[in-house]
Amino acid sequence: MIQRRALAATLIASLLLVACGSSGTNGTTPTTSARPTISVGSTLEPPTLDPTKSSAAAIPEVLRDNVLQGLVRLDDAGQVQPQLATKWDLSSDGTVYTFHLVTNAKWHDGTPFTASDVVFAFTHDADPATTHPFAAQFAPMASVSAVDTHTVKVTLKQFSANWLYDMALGAGVIYEQKNLPTLATDPIGTGPFKFDHWVRGDSITLVRNDAYWGTKPLVQKVVFKYITDPNAMNNALTAGDIDIISRVSGPEQLTSFKSNPKFNVIQGTTATKVIMAMNNTDGALADVRVRQAISYAIDRKAVIDGAQSGYGVPLGSHSVPGDPWYVDLTGVYPYNPTKAKELLAASGHATGLSFTLTLPPPSYAQRSGQIIADELKAVGINIKIQSVEFPAWLSGAFKGKFDLTIIGHVEPRDIYQFGNTAYYWHYNNAQVQAWLKQADAQPDASQRNALYEKVERQITSDAVDAWLFVLPSLAVTKSDIVGYQKNRLMPSIDMSDVYVKG
Amino acid sequence: MTRRLGILGLSLLVASALVFVFLRVLPGDPAEVILGTRATPVAVAQLRHTLGLDAPLWLQYLRWAGGAVHGDFGVSYVSSASVGQQIAQRLQVSAPLAVMGMVLSLLIALPLGITAATHHRRAADVIVSAFSQVGIAVPAFWAGFLLITLLAVKLGWFPAGGFGDWSDPVGALRSLLLPAISLALVQGAILARYVRSAVLEVMREDFIRTARAKGMTRGQALWRHGLRNAAVPLVTVLGLQWSYLLVGAIVVENVFYLPGLGRLLLQALGNRDLLVVQGIVTVLTAAVLLVNFATDISYRALDPRLQAAS
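Residues numbered from 1 in each chain as written. Chains lettered and ligands numbered in written order. Predicted model: local features only at pLDDT ≥ 70, side-chain atom pairs only at ≥ 80, totals over all residues.

**As for the overall build of chain A**
Logical step 1: Scanning chain A from N- to C-terminus turns up 13 helices and 19 strands.
Logical step 2: A globule of 502 residues ought to have a C-alpha radius of gyration of about 23 Å, and chain A, at 25 Å, matches this closely.
Logical step 3: Counting only C-alpha atoms and orienting by the principal axes, one finds that chain A spans roughly 85 × 75 × 40 Å.
Logical step 4: Per-residue burial over chain A gives 47% buried out of 502 residues.
Logical step 5: Here the analysis covers contacts within chain A between residues at least 6 apart in sequence; of these, 71% occur between residues at least 24 apart. (Helix = DSSP H or I, 4+ residues; strand = E, 2+ residues; numbered from the N terminus. Rg over C-alpha atoms; globule rule 2.2 N^0.38 Å. Buried ≥ 20, exposed ≤ 12 C-beta atoms within 10 Å, placed from the backbone. Contact = placed C-beta atoms within 7 Å.)

**Brief notes about the overall build of chain B**
Logical step 1: The helix and strand inventory of chain B stands at 13 helices and zero strands.
Logical step 2: Listed N to C, the secondary structure of chain B is α-α-α-α-α-α-α-α-α-α-α-α-α in terms of helices and strands.
Logical step 3: Each of the three principal axes of chain B carries a C-alpha extent, and together these read 85 × 55 × 35 Å.
Logical step 4: Split into buried and exposed, the 310 residues of chain B put 39% on the buried side.
Logical step 5: Contacts in chain B between residues far apart in sequence, at least 24 positions, make up 70% of those at least 6 positions apart.

**What about unusual backbone geometry?**
Logical step 1: Unusually for a residue other than glycine, A:Ser309 sits at a positive phi of about 50 degrees.
Logical step 2: Here A:Ser309 is to be found in the loop between helix H8 (300–308) and strand E13 (313–314).
Logical step 3: Of note, B:Arg272 is a non-glycine position whose phi angle comes to about 50 degrees, a positive value.
Logical step 4: Along the chain, B:Arg272 turns up in the loop between helix H11 (261–270) and helix H12 (274–302).
Logical step 5: A count of 26 C-beta atoms within 10 Å places B:Arg272 in the buried class.

**Let's talk about the nonpolar core**
Logical step 1: Counting residues in hydrophobic clusters, the biggest one holds 214 residues, and the most contacted among them are A:Val222, A:Met276, A:Ala293, A:Val455, A:Leu468 and B:Val195.
Logical step 2: If you tally residues by element for this core, the top one is helix H8 (residues 169–203) of chain B, at 17 residues.
Logical step 3: Aside from chain neighbours lying at most four places away, what touches B:Val195 is B:Ala109, B:Leu110, B:Gly113, B:Ile114 and B:Leu234. (Core = buried A, V, L, I, M, F, W, Y, C linked by C-beta atoms within 7 Å.)

**Structural notes on the confidence of the model for chain A**
Logical step 1: The share of residues in chain A with pLDDT of 70 or more is 93%, and the mean pLDDT across the chain is 91.
Logical step 2: Of the regions scoring below 50 in pLDDT, residues 17–33 of chain A engages in 32 contacts with residues more than four places distant in sequence or in other chains. (pLDDT = per-residue confidence, 0-100.)

**Some points on the packing of helix H10 (residues 218–255) of chain B against H11(B)**
Residues and elements named next belong to chain B.
Logical step 1: Relative to each other, H10 and H11 sit at 85 degrees, their axes nearing to 7 Å. When the axis of H10 is compared with that of H11, the two are roughly perpendicular. Contacts from Ala249, Ile250, Glu253 and Asn254 in H10 reach Gly262, Arg263, Leu265 and Leu266 in H11.
Logical step 2: A class-by-class count of the residues in the contact of H10 with H11 yields four nonpolar, two polar and two charged. (Axes fitted to C-alpha atoms, helices over the stretch in contact; angles between N-to-C directions. Parallel < 35°, antiparallel > 145°, perpendicular 65-115°, else oblique. Nonpolar A, V, L, I, M, F, W, Y, C, P; charged D, E, K, R; others polar.)

**Overview of the packing of helix H7 (residues 140–154) of chain B against H8(B)**
Residues and elements named next belong to chain B.
Logical step 1: Taken N-terminus to C-terminus, the directions of H7 and H8 make an angle of 135 degrees; their axes are 9 Å apart at the nearest point. By the angle class used here, H7 and H8 are oblique. For H7 against H8, the interelement crossing comes out right-handed. Contacts from Ala140, Ala143, Gly144, Leu147, Ile148, Leu151 and Ala152 of H7 reach H8 at Leu178, Pro179, Ile181, Ser182, Leu183, Leu185 and Val186.
Logical step 2: The residue makeup of the contact of H7 with H8, split by class, is twelve nonpolar, two polar and no charged. (Left-handed = near helix turned anticlockwise from the far one by under 90°.)

**A few points about the interface of chain B and chain A**
Quoted interface sizes are often the accessible area lost when the parts come together.
Logical step 1: Contacts between chain B and chain A engage 48 residues on the former and 43 residues on the latter.
Logical step 2: Class assignment for the residues of the side of chain B that touches chain A results in 25 nonpolar, 16 polar and seven charged.

**Quick word on the environment of A:Met167**
Residue and element names in this part refer to chain A.
Logical step 1: Looking at the secondary structure, you find methionine 167 in helix H4 (residues 161–167).
Logical step 2: Residue classification places methionine 167 among the buried residues on the basis of 26 C-beta atoms within 10 Å.
Logical step 3: Among all residues touching methionine 167, those that are not within four sequence positions of it are Gly70, Leu71, Val72 and Gly172.

**Brief notes about helix H6 (residues 123–137) of chain B**
All names here are of chain B.
Logical step 1: Across its 15 residues, H6 extends 22 Å between first and last C-alpha, which sits within 8% of the 21 Å expected from 1.5 Å per residue.
Logical step 2: Among the residues of H6, those classed as buried are Val128, Ser132 and Gly135. Taken down its axis, H6 places every buried residue within 65 degrees of arc, on the same side. In H6, those exposed residues whose orientation departs by more than 90 degrees from the buried face are Ala123, Val126, Ala130, Gln133, Val134 and Ala137.
Logical step 3: Of the surrounding elements, those touching the buried residues of H6 are helix H5 (83–118) and H8. (Expected span 1.5 Å × (residues − 1). Arc of directions from axis to C-beta.)

**Side note on the sheet that holds strand E7 (residues 151–156) of chain A**
All names here are of chain A.
Logical step 1: What the four strands build is an open sheet, ordered E4-E5-E7-E6; its pairing is antiparallel. Strands with a single pairing partner mark the edges of an open sheet, and in this sheet they are strand E4 (85–90) and strand E6 (141–148). Put simply, the sheet's adjacent strands are angled 20 degrees from each other on average, direction ignored.
Logical step 2: As paired strands, E4 and strand E5 (residues 96–101) are joined by five bridges and run antiparallel to one another. Within the sheet, the bridge partner assigned to alanine 85 lies in E5 and is leucine 101.
Logical step 3: Relative to the sheet, helix H3 (residues 115–126) contacts E5, E6 and E7, its axis offset from that of E6 by approximately 165 degrees. (Pairing = 2+ DSSP bridges.)

**Details of the pairing of strand E16 (residues 404–409) of chain A**
All names here are of chain A.
Logical step 1: Across the six residues that make up E16, a large majority, five, are buried.
Logical step 2: In terms of strand pairing, strand E12 (residues 263–278) meets E16 through six bridges, oriented antiparallel. Looking at the pairing, valine 274 lines up with glycine 408 of E16.
Logical step 3: Here strand E14 (residues 353–359) pairs with E16 via two bridges, running parallel. Residue leucine 357 lies in a different strand from E16, and its bridge partner there is leucine 404.

**So, the environment of A:Ser39**
Residue and element names in this part refer to chain A.
Logical step 1: As for its placement among the helices and strands, serine 39 is situated in strand E1 (residues 37–42).
Logical step 2: We classify serine 39 as buried; it has 24 C-beta atoms within 10 Å.
Logical step 3: The spacing of serine 39 and isoleucine 244 is 205 residues in sequence and 6.5 Å in space, taken between C-alpha atoms.

**Focus: helix H12 (residues 430–440) of chain A**
Residues and elements named next belong to chain A.
Logical step 1: Among the residues of H12, Val432, Trp435, Leu436 and Ala439 are the ones counted as buried. Take H12 and look down its axis: the buried residues cluster within an arc of 100 degrees, on one side only.
Logical step 2: Buried-residue contacts for H12 involve H4 and helix H13 (445–461).

**Things to note about the confidence of the model for chain B**
Logical step 1: The share of residues in chain B with pLDDT of 70 or more is 99%, and the mean pLDDT across the chain is 87.
Logical step 2: Both scores are available for the predicted complex, with the pTM at 0.87 and the ipTM at 0.84.

Next comes the structure, spelled out in structure tokens:
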């Protein structure tokens, strides 16, 4: 009897102790200094912090523009802007870039940033022995050298329109030679924030770089908290454990936040093109009429409304509004199931067609897939849905072993892939290949854009893929957070301009 | 004893070999996942060679097993961090969570089961059976979300998730309490039924009637004589439920975004970080096998008659 009572008393006492331990929330209470800590919720934790060793987008998400910087950066409108290079000159034949570097930048360990750092990083990235995941972006580079301590010369094999743009993305970051062995766990950069510590499975903390060479941030600390479950993420924001949800996984979750004055919903765009790729050499799909029929059978508006709760801009070809050569081709294949059936009949496949639709895990793919399968069934094409994990998608569909698949192309300006005959959709058009080669080597912007536009129109009329929509950028912040980026044209959560109002 | 230990070791070996084969058969290549969509076939082949993935399967297994017996589970392909170290760090969250879940489930099941048994076919029994039905049907993650919505979001008594550090033990316990309760509600409901039926069985035994004839109250008779007999089937069930608890913990860790073994397992699987998955599954298998081993041994301590028989 006594033992039971004692047990009950202890239990109640310990529960009370724990509950009253420290009231309220953790992570967002202001520090003693005037500058607060901001917590950002993100779904994908980086597997490592070394961008030369892994292609994971979660790495530039936390490091790019915060800790590690490049010669150039991408602004919120998608334009290349100076970063560690204040200005650059291009030779008249378009092969030599001369970058004039910032003179007062220092690494987080105090060493001054110089041209030799750029030379080391670029040489290391381009070296085949490094197996850099984005080595292809350094392929146009013939050589890199330091002209003096703050001037770097990069010589390209021939003019490349894409090269400078690629250097504004995640792979263009500069790192220190002596930091390379510990880059994976302790990155040292030149950016407005220093890497502080990483609690694996939980969070990464960055602290303000008080010796930053540019405009110093208005917050003392940024904590990236990793939460995979969307409901748990919402709970964390509502309970005050985080201040920002950087990417909302299910747009239907936004309705409760939109009507709540304590939160702001920030809606912008990304460079991600969600498409249904078609295997252009696979049986009936090799016939352009079948691919066109499939394009006519898809109601993009229904897909966006059903899969994305209406958030998303319809796409007609492989570029997004904001690309300099973008032209709206959604009118080439409007929703027309009658026309679809006519084309199928003309190609001798009025009935009996059956394809497997391979779907990777992201919800935009899973949901769009269900809707499109129904739309295709309505015109007489039987669809079998096969859901696969992402690694299986990489070694299966991405190797060309598929009929139809839905995927988001995250890489900006990847229209050049239509000149790659080995690419997973197996498209082989010599005229398109020629145009793409000419475009990349064309220094004059308007002529270049005209060539890319020709490519767009051709791939659309060939119905290489069925383009669906541009993935929107959807974030939620507490209403007192100011300066959070509207768009996400590359995976970078730039916290240098974010602050807490009042 | 040595025979049992031998079986334990052999089971561990077979389990790890099976997991090894299954992981390698899974579609998807770790090198491809690491290098991503811009990778060239040459770079992928080179990385596979660096990681030792192009060696024959039996050789890869032997290399791993050779390290594992010394506690070296290898180095992760993806993060270059020691697998053993990562597992040890995550165990700081998962082990206390599992134990807390087990203890809390017993704290729920024992009083409820005994009450139901002693009030057999009366109101209390019916109520407990109803609670038990609901508890079995409710998934642990749903219970978790309910608790978060009520106690964390609305009342703010607990954090909605996350885990700090054991250097702040009160905060750490606060972070683990709701997850442990989510697990315990389900396990407790299941165990309550077993407790009830075990106690009912025992109450019908002759020695209970003798004890009461000697002048003990029903409660005293149960406590002094009944519970040890009821303990044997209960311990068996506890041992079996332990593995379900571990699985439940993986789901609950996701709901409360705890940096535990379960989350690491899911992440590593998605990244095809095969050595990490191998290490975790081996540790979990060892945990289950060890608990089974412990329950086997405990029978003799609980019931001396079994000792005499064997």
